[in-house]
Amino acid sequence: MNLKTFFQIKENQAMRERYGYWAPKMLAVLIVLLSFSAANAVINPKYEPTLSVRNYTVYPDGTLRIPAPAPGGDRYFLVPVFIYNQFDPAYNPNVGGQFIEPIRSFNFQLTYFTQAMVLDTTPSHGPAVVTIGPGMGNDSLSAIAKNFYIRYSDILAPGDTNPNPYRHIIRVTGASEIPLPLVDEFHPIPGTTHMNSDTTAVLVYIRFKVVINSVQAGLLQLDSSLFNDHYGDSLPNALTYKRGNFGGDPQAKGQGYVSITDQPAFDFRPYSQISTTDNVNFKLLSDLIYDPTILGSGNPQQAIQVRNAIGTTRLTNITVVTNQPWLNVSQSPGGGQHTIFIPRIDYTSSFGSEEKDLWISADGGTLPPGIYFGIVTLTSDGALNSPARILVRLIVRRRPNEPSTGNGTGIRLTLTNSCLPQCSNTITFGTGPGATAGLDPLYGETVFSTNDRLTRDTNVVAGQRCWAYFRPFDLNVDPAFQDPTFLGTDRDIRNENTDTTILYKVIFSAGSGATNCYPVTVCVDPSDFPAGARIIARDTLNGSQFSVDLRNATENGNQRCFVIRDPRITSFVIEYTPGTIGKVPSFVKNGWNLISLPVIPPDLRAKTIFPNSAGNPYEYRADIGWTTPLGGLLEFGRGYMLKYGSTIGNDSIVAGIRTKSIHKVRIDQGWNTIGSISVTTSVAGISFEPLPGNLTIPTQISDVYEFIPARGYRTVAYITPGKGYFVKTDSSGYYDLDFVPNKATVNPSGELMQSLAKVTVRDAGQNAQDLYFGSSNTEVKSTRFELPPYVNGLDARFTSNKGFIEYNQNGYNVAIKSTSYPVAMNFSNVVGQVEVRDLSGNLLGTAVNGGTVVINDANVNQVVITSKATATAVNASGFALEQNYPNPFNPSTSIFYTVPAETNVTLTVYNALGQVVRTLVNGTVASGRHEVRFDASELASGTYMYTLKAGNFTQSARMILSK
């Protein structure tokens, strides 16, 4: 039988028979039930499923509370129809018990009154009888008849002499080829497929719409049901059985009650953790703090309680959502979800407490240090303040630099008195990126106030009245320091780019009114010290009481300590010169590196700082040339050539003291290698001092050069920490360097290089040097182009000025020195063609733009480069027009053309508008290649075209005038 036929039978026969004549049927059923009850001790009944619209495990007191619609809105709600599918695993038809056959069909009838609600038949909402209930799509909240084909009708109740116009009957019919489950799928008896107890599940949901009316409640009553053609009521006791109760117990589960209530509202507790100004936008008062400096610290979390603030109402279908990937919510500590669903929260003080814990947590370990904001949003159908939002602030703290960048905890200073029991305080200082002299929440700095001091001073144990804090030297750097209750901070982290030495002032008490608690022991953990740091503690009376290098203080276990014995001393100063990590950025394997010290290390021995280097470092001073430093000790501010093989290791990392200045590094007249400071600075920071007894201050007569093995020497505008440089002066003296940020310098050499051709000379060892040549109207002193001294490997330079730039010459002589042939010469920005010859005139090769000439003979240590134009367009009959040279030009250039025989020629120059600006040739020209000089002194900068017409040949080209 198909479903259509089945429904036709049920609609036309069974339902009509069951619901047509209620009074006779009721009488007959009562007679049957009374007889059945009397014979119950003999006859074993077969019980059937029962229905209910009331479930005490879900709705306290059985009432379904629905908020009234908001002004101008509608309210829709679902009524669940529960099925009690009873099963007795001990069923024996000869003894007694219960038996449920698989449910493949059902019919039931529900009576309701339209004064408070009507069936929702809005087409856009879909069927009024549905199988998916609330719960974020959670399948456990789906009706168990979700696979059934369902039909329903809604009619005015028939059969009464004086029918109630508000009394309606909903008739529901369902069938499926897949039966409902026999047992509770979620709580079976272990080892069996039987239910553990009677179970309740939602068969279907019926959707209603609230009606605005003076009647604020509605009664729901199930009349009867049919399961697999069996009339359904499992309690055939005539004394308690009433058709419509569907269970027959005194609680009348066949009846439901819908109450239209006021609108509920979200309420959060405790109030000490929540603030709000408009009852919608709440704020979590306690920041969530993720502190990586605390060993084993997990994700921060805060619990609050969610309540319903309006009596006799119920919050339902509560969805809690976060708007940030790092922000989590859960109903238990330690959980983490971005969305959770809470079915309901009843008014706390009415029918039982329904207060719910909501845990808000943050995954701070996934974020870089900073202050972040997120929102937890709670929505509920009908709630007055839905959506309610909770603003959450997350602070992901930074790590100080100490003891090492990236995993620091700061330098911990512990002060302990000598009373019994002893009293100790630990305060922390150091440096860090982005830190200030004010309060830094990212570093966990908190205020030590007069109230904090009063709490310590009033301790019942005099020896426990100790305290310690940092007192800022300048109270104007932060408004928080102006508070009358402010005394200091328990942590003081300063900016890593502060002056070389940082001062921290410590104020302490050994115990209020208890001078006998002296001496006070001050200890630090040396493992907190970064490499190269210097930490000095001195008294603030007159500096004569003590001055202690904490790195070399008295050992006390794993601590380094000093003792303050004078009760007059209640403060001291920490002078901290941070030990920082500098980096040499230019190390390459299997070659020479021009480097300097990026910081001042505690041990200046070259082999200690650069243990993997191959051989000794070399410095260059004009008077003595390349030489090794005396005693193998390196000097901060001087440049060194250092060779490495295939292993560099961690040699590029140098620990020591940062500094922003270099003073009195000895230099000679001529070329010298110089070093950098600990921060990038402009070359404008270079200055010189005269030698003692000499009034002549050296003058810089060269650009500043760096050396890169793969590129050779090149000029720079900024000096980078860890790199070495060459500079030339006109006399001997001292080299100084100070920090000058972002100061632009004029570099005429750089401007000249942009207009010239470039040749990169590279040997087989991949050492290289860039040289520049060609025609230019820019005039720069050739002394600026002089290259520093030869470095092992490759050296290539023009012989006339021993530099890297030559221009406006007929030929360019290049001296090449290399230990690794062949040597390749790659040309770029070339107009026309270049020839490369040795000093005997032998042609070694030609090249155009992008081309390469290779020198294989190691005896060739000097070559001559000449340039000439090359035809850019050649007609089959021998006509040609070539690109002008130079191009771009200022103010003149040459144009070459070729004709195969005597012919009439015109050569015309046009501007960008196509107007003739000059006719260079107009007449008969003999055969051969010709040059025409074009002077554009009177013309404006721009693009021009020139066109050659000779016989039937016409050709044009573009040229650029750049003044």
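Each value, and the rule that gives it
Residues numbered from 1 in each chain as written. Predicted model: local features only at pLDDT ≥ 70, side-chain atom pairs only at ≥ 80, totals over all residues. Heavy atoms only, no water. Helix = DSSP H or I, 4+ residues; strand = E, 2+ residues; numbered from the N terminus. Buried < 20%, exposed > 50% of the residue type's maximum accessible area, 1.4 Å probe, protein only. Contact = heavy atoms within 4.5 Å. Areas by Shrake-Rupley, 256 points an atom, 1.4 Å probe, with all protein chains shown as cover. 1 Å grid on protein atoms, 1.4 Å probe; cavity = no way out; pocket = protein on both sides within 12 Å on 5 of 7 lines; lining within 4 Å. Points joined across faces, edges and corners; volume = space filled by probe spheres on them. Nonpolar A, V, L, I, M, F, W, Y, C, P; charged D, E, K, R; others polar. Pairing = 2+ DSSP bridges. Axes fitted to C-alpha atoms, helices over the stretch in contact; angles between N-to-C directions. Patch = residues over 30% accessible without salt bridge, like charges linked within 9 Å, V, L, I, M, F, W, Y side chains within 5 Å. Salt bridge = Lys/Arg side-chain N within 4 Å of Asp/Glu carboxyl O. Disulfide = S-S within 2.5 Å.

J.: How would you explain the overall build of the chain if you had to name every residue and give the values?
T.: From N to C terminus, the chain includes five helices and 68 strands. Burial status across the chain gives 47% buried among its 963 residues. Intrachain contacts of the chain at a sequence separation of at least 6 include 71% that bridge at least 24 residues. Counting every atom, the chain has about 44,300 Å² of accessible surface; 50% of that belongs to carbon and sulfur.

J.: Describe empty space enclosed by the protein, listing the residues and the values that go with them.
T.: In this structure the tally under the stated criterion is six cavities of 30 Å³ or more. Reported here for the second largest cavity is a volume of approximately 60 Å³. Lining the second largest cavity are eleven residues, and of these Val53, Gly62, Leu64, Val79 and Tyr257 lie nearest its centre. Sorting the residues of the lining of the second largest cavity by element identifies strand E2 (63-67), strand E3 (76-84) and strand E12 (255-261) as the ones contributing at least two each. Residues that form the lining of the second largest cavity fall into these classes: eight nonpolar, three polar and no charged.

J.: A description of the sheet that holds strand E54 (residues 794-798) should follow, citing residues and the corresponding values.
T.: One open sheet accounts for five strands, arranged E54-E55-E60-E57-E58; its pairing is antiparallel. One side of each edge strand has no neighbouring strand; the edge strands of this open sheet are E54 and strand E58 (843-847). Sheet twist, expressed as the mean angle between neighbouring strand axes with direction ignored, is 20°. Across four bridges, the pairing between strand E55 (residues 812-818) and strand E60 (residues 862-868) is antiparallel. The residue of E60 that forms the bridge with Ala815 is Gln862.

J.: An account of the sheet that holds strand E56 (residues 823-828) is requested, with residue identities and associated values reported.
T.: If you trace the four strands from one edge of the open sheet to the other, you get E53-E52-E56-E59, paired in antiparallel fashion. On the outer flanks of this sheet lie strand E53 (768-773) and strand E59 (852-855), each paired with one strand and no other. Averaged over all adjacent pairs, the angle separating strand axes in this sheet is 20°, with direction ignored. Both strand E52 (residues 757-763) and E53 contribute to a ladder of six bridges, which runs antiparallel. Bridge assignment links Arg762 to a residue of E53, and that residue is Ala768.

J.: Just give me the short version of a nonpolar patch on the surface, but keep the residues and values in it.
T.: Together, Ile371, Phe373 and Leu391 make up a nonpolar patch on the protein surface, roughly 250 Å² of accessible area in all. Considering the arrangement of structural elements, one finds Ile371 in strand E22 (residues 370-379).

J.: Tell me what's going on with the state of the cysteines, and back it up with residues and numbers.
T.: Tallied over the full model, the rule gives three disulfides. The disulfide that involves Cys419 links it to Cys517, with 1.7 Å between the sulfurs. Judged by the sign of its S-S torsion, about -95°, the cystine formed by Cys419 and Cys517 is left-handed. Of this pair, Cys419 sits in the loop between strand E24 (411-416) and strand E25 (424-432) while Cys517 sits in the loop between strand E30 (502-509) and strand E31 (520-524), and the two are 98 residues apart along the sequence. The pair Cys419 / Cys517 is uniform in exposure class, with both members buried. In this model Cys523 forms its disulfide with Cys561; the gap between the sulfur atoms is 2.0 Å.

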